[in-house]
Amino acid sequence: MRKRYYLLISIILVLVTLWVFYFSGWEQILINLILINAIIYFVRKPLISLAAYIFKRRFYRLMISIAINGVLSVFLLWVLFVISAELFIALISFMIIAISLNFRNIINNIASGGLLLMSEQFDIGDLIETNNTQGIVKEITLNYVKIREFDGVDLVLPNSKVYGSTIIKFTHGKFMVFKPLEKEEFENQKYYRRYLKTFNKILTAKIKITKYVKQMEILGNMDPENLEEHLFKVFDKYKPIFGKRPGYSFDTTRSGRVRINFYIISEKPHLVVNYIDAFLRDLVYELYSDEIFLGWEEYKQEFLQDIDYEKKEGTS
Amino acid sequence: MTIFRTDLEALIYVIIIGISLYLVNRIISYSIDRIKKFLPAKKNKINFVIRLISIIVFIYFLIEGFPSFTAIPAEYTVIVTGAISTALAFATSEIFSNFISGILIWIVDPFDIGDIVKIKDHKGLIKSITLTKVIIETFDRIIVEISNSDILASTVLNYTLKLKNIENYYRFKRQIQSPQQIGNARLNIDVFDKKLRKKEDNELRALHKLVLESEDSVIHTFTFSMHFPYERFRIKVDKTDKLCDKYTEIFDFKPKFHIFNFYSDILVKFRILTLNSNKLLNYQADFAIDIYKIILSK
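Residues numbered from 1 in each chain as written. Chains lettered and ligands numbered in written order. Predicted model: local features only at pLDDT ≥ 70, side-chain atom pairs only at ≥ 80, totals over all residues.

1. Looking at the overall build of chain B
Secondary structure summary: chain B contains 10 helices and 9 strands in total. Within chain B, contacts between residues at least 6 apart in sequence are counted, and of these 63% link residues at least 24 apart. (Helix = DSSP H or I, 4+ residues; strand = E, 2+ residues; numbered from the N terminus. Contact = placed C-beta atoms within 7 Å.)

2. Quick notes on the overall build of chain A
The secondary structure content of chain A amounts to 11 helices and 9 strands. Each of the 316 residues in chain A was classed as buried or not, and the buried ones make up 20%. Sequence-distant contacts, at least 24 apart, represent 56% of the contacts inside chain A between residues at least 6 apart. (Buried ≥ 20, exposed ≤ 12 C-beta atoms within 10 Å, placed from the backbone.)

3. Structural notes on the interface of chain A and chain B
For interface size, the figure often reported is the accessible area lost on association. Taken together, the contacts link 55 residues of chain A with 55 residues of chain B. Going through the elements one at a time, α3 (58-83), α4 (85-119), β4 (154-158), β7 (209-218), α9 (269-287), α10 (289-292) and α11 (296-303) of chain A are the ones with two or more residues in the side of chain A that touches chain B. Here the element with the most residues in the side of chain A that touches chain B is α4(A); it accounts for 12 residues. Per-class residue counts for the side of chain A that touches chain B are 30 nonpolar, 12 polar and 13 charged. In the sheet, β4(A) pairs with strand β5 (residues 156-158) of chain B via 3 bridges, with the strands oriented antiparallel. When the bridges of β5(B) are listed, A:Asp154 appears paired with B:Asn158. (Nonpolar A, V, L, I, M, F, W, Y, C, P; charged D, E, K, R; others polar. Pairing = 2+ DSSP bridges.)

4. Let's talk about the sheet that holds strand β8 (residues 247-254) of chain A
Paired through their backbone hydrogen bonds, the strands of a sheet run either parallel or antiparallel. All names here are of chain A. Spatially, the 4 strands line up as an open sheet ordered β6-β7-β9-β8, and their pairing is antiparallel. Of all strands in the sheet, those bounded by a partner on one side alone are β6 (171-172) and β8. As paired strands, β6 and β7 are joined by 2 bridges and run antiparallel to one another. Bridge pairing links His172 to Ile209 in β7.

5. Observations concerning helix α1 (residues 7-34) of chain B
Its 28 residues place the ends of α1(B) 40 Å apart at the C-alpha level, agreeing with the 40 Å of an ideal helix rising 1.5 Å per residue. Taking burial as the measure, the 28 residues of α1(B) include 1 buried ones, a minor fraction of the element. (Expected span 1.5 Å × (residues − 1).)

6. Side note on the environment of A:Asp236
Structurally, A:Asp236 is set in helix α8 (residues 224-242). Residues A:Asp236 and A:Pro246, 10 residues apart in the sequence, show an inter-C-alpha distance of 8.2 Å.

7. With respect to the pairing of strand β8 (residues 256-262) of chain B
Residue and element names in this part refer to chain B. Across the 7 residues of β8, 6 count as buried, placing the element largely inside the fold. One ladder, built from 6 bridges, connects β8 with strand β9 (residues 266-274); its direction is antiparallel. Looking at the pairing, His258 lines up with Lys269 of β9. What sits between β8 and β9 in their antiparallel hairpin is a turn of 3 residues.

8. Considering the sheet that holds strand β1 (residues 116-119) of chain B
Strand order in the open sheet formed by 10 strands is β5(A)-β1(A)-β2(A)-β3(A)-β4(A)-β5(B)-β1(B)-β2(B)-β3(B)-β4(B), and the pairing between neighbours is antiparallel. If you trace the sheet from one side to the other, it starts and ends with β5 (167-169) of chain A together with β4 (143-147) of chain B, each paired once. On average, adjacent strands in this sheet sit at an angle of 40 degrees to one another, irrespective of strand direction. Pairing of strand β1 (residues 127-130) of chain A with strand β2 (residues 133-140) of chain A involves 4 bridges; the strand directions are antiparallel. Its bridge partner being in β2(A), A:Ile128 is matched across the sheet by A:Gly135. (Axes fitted to C-alpha atoms, helices over the stretch in contact; angles between N-to-C directions.)

9. Regarding the confidence of the model for chain A
On average, residues of chain A score 79 in pLDDT, and 87% of them are at 70 or above. For the stretch residues 311-316 of chain A, pLDDT sits under 50, and the model shows 8 contacts to residues farther than four places along the chain or on other chains. (pLDDT = per-residue confidence, 0-100.)

10. A short note on unusual backbone geometry
Residue and element names in this part refer to chain B. Positive phi values are uncommon outside glycine, yet Lys120 reaches one of about 50 degrees. Along the chain, Lys120 falls in the loop between β1 and β2 (122-129). According to the C-beta neighbour criterion, Lys120 is partly exposed, with 13 such atoms within 10 Å. Notably, Asp121 is not glycine yet its phi reads approximately 65 degrees, a positive angle. Relative to the assigned elements, Asp121 resides in the loop between β1 and β2.

11. With respect to the pairing of β8(A)
Residue and element names in this part refer to chain A. Within β8, only 0 of the 8 residues are buried, leaving the element largely exposed. Pairing of β8 with strand β9 (residues 257-266) involves 7 bridges; the strand directions are antiparallel. Considered in β9, the bridge of Arg254 is made with Arg257. Once β8 ends, the chain turns through 2 residues before running back antiparallel as β9, passing Ser255 with a positive phi of about 40 degrees.

12. Here's the deal with the packing of α1(B) against helix α2 (residues 40-65) of chain B
Between two packed helices, both the angle of their axes relative to each other and the distance between the axes serve to describe the pair. Residues and elements named next belong to chain B. It is the contact of α1 with α2, at a shortest axis distance of 10 Å, that shows an interaxial angle of 175 degrees. Relative to α2, the element α1 is oriented roughly antiparallel. Two secondary-structure elements touch here, α1 through Ala10, Tyr13, Val14, Ile17, Gly18, Leu21, Asn25, Ile28, Ser29, Ile32 and Asp33 and α2 through Lys43, Ile46, Asn47, Ile50, Arg51, Ser54, Val57, Phe58, Phe61, Leu62 and Gly65. Looking at the contact of α1 with α2, its residues break down into 13 nonpolar, 6 polar and 3 charged. (Parallel < 35°, antiparallel > 145°, perpendicular 65-115°, else oblique.)

13. What to know about the packing of α4(A) against helix α4 (residues 74-108) of chain B
For the pair α4(A) and α4(B), interaxial distance at closest approach is 7 Å and the crossing angle is 45 degrees. In terms of orientation, α4(A) lies oblique with respect to α4(B). In this structure, α4(A) meets α4(B) at a crossing whose hand is right-handed. Tallied by class, the residues present in the contact of α4(A) with α4(B) amount to 14 nonpolar, 11 polar and no charged. (Left-handed = near helix turned anticlockwise from the far one by under 90°.)

14. Some thoughts on α2(B)
An ideal rise of 1.5 Å per residue puts 38 Å on 26 residues; α2(B) measures up with 37 Å between its terminal C-alpha atoms. Little of α2(B) sits inside the fold, with 0 of its 26 residues counted as buried.

15. As for the environment of A:Ile64
Residues and elements named next belong to chain A. Locating Ile64 in the fold gives a position in helix α3. A count of 17 C-beta atoms within 10 Å places Ile64 in the partly exposed class. Linking Ile64 and Ala52, residues 12 residues apart in sequence, is a C-alpha distance of 9.2 Å. Setting aside residues no more than four positions away along its own chain, Ile64 makes contact with Ile48 and Ala51.

16. A word on the environment of A:Val162
Residues and elements named next belong to chain A. Mapped onto the secondary structure, Val162 falls in helix α5 (residues 159-164). For the pair formed by Val162 and Asn109, sequence separation is 53 residues and the distance between their alpha carbons is 9.6 Å. Other than its neighbours up to four places away in sequence, Val162 contacts Leu116, Thr130, Val145 and Leu157.

This is how it looks when you write it as structure tokens:
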């Protein structure tokens, strides 16, 4: 169907061009321009398909098709200018307003990119949440911000979306709480120096701390007396990995469950991302070991004799 | 140079022309309706074109017909036409917004054809990208067309990894591994560790070989989550692990899974890696069904 229309348009165009060329008696420049336009119109499609045949990359194809269409539109506007200058001016002013109204998107994007880079709201490698996604910032350019989510999937956000929205920063250089020095420690010059050094580091913003908050719900069948004991077991195991002991606080209870906020603190954001799921697994296995390993021993003896098992808990 | 001599004559003629155009429109659409040869879509198109032409003709007569319009000083006409064209530009600027967004998407370049993406809750495979819209084939085998301005307004998740320097195995491994694999978040922790690590390494090496053999160094990942109950979770983990072994041949690489949250039940996230995105479209649903069978089996 489309081909038929294309053929019809081409035939009409050829006839009009022939008429203009031989019988119209218009100005020479107008005749030439109409001829050029007709030729470009016919050459356009084969050229674009040729480009698609030669180049595999979308980038080159798009460039070539934009260039050809640009040339065609320049000549079309030229014809319009020769026919009627007023109409040409009117059309051009109309186009400028209509298009520039939308160009604010691109300009806005680049401007927010500049602001993001200058204001240093966050750096590459920080753990942030924006637009309902959490992840580590991989790239900040003039046009976009690339964030890697917790399961390793990349997310590309235009700068204008990031700059205009709420940013939750899990990584930051401020608000680091230090244990104050004891009096004996203060008198010892060694400790004093170390303290000064860390203090200096904070002032020059070399230390950044990542504090990630994970909200969890624990079922009501858990004995509140034993809960802390179980949690501390896991916390102690993860202290060497994160560098700092994870913490927790109770949030609220609802419908027989208790909601707990876990604070995972580390100096390196990627450690949090890498080990958070292992941490959760250990928590689940520790808290609900009765339910999870229900019937496991029998199953193991029945089906899994050929696999080596060892009673070993936790990561290595 | 006007068509009619006086304003009154012009007014009468314009009214006559307007009514007659309306009548002609009616007659043509009625007669087209009667002809059974045309398809409904074609009829609609013809009607639309005729209506558009008659509106243009009417406006032409309205502007050119009245002699008193020419008596208005040139400055006023310039101002009025300028204002009208600005208003029209404002009104129609939405049409151009898709093109401009298309250019912006082209600059930002968040995805390519064949990538697996999630845009506005539509997960699927990108079929084509044009200056005005992006076409996605979803996992339900439905074609979704999303306009470019809509894409800019929503977040785009790209599940496809574009690998660089794949000749080196260790660089390849660094790009492929998910944070959970690095952090050793596997669920069968009581299985002997060294043996398992060696097995995982061999799997990765096999995948590396496959990628080196394939033409373009692109790997599609896909993640989805399932809720597991607490009871007999360890047994279900083992069964799921065996299922993943079974799907290794189909997806080129063994699907991995890990806990990522828990409340009334345990949330487990599955991660599939494959070289061919069509495999995901074809087999992901089967995989999900098999997992469901394991979860709800006694």
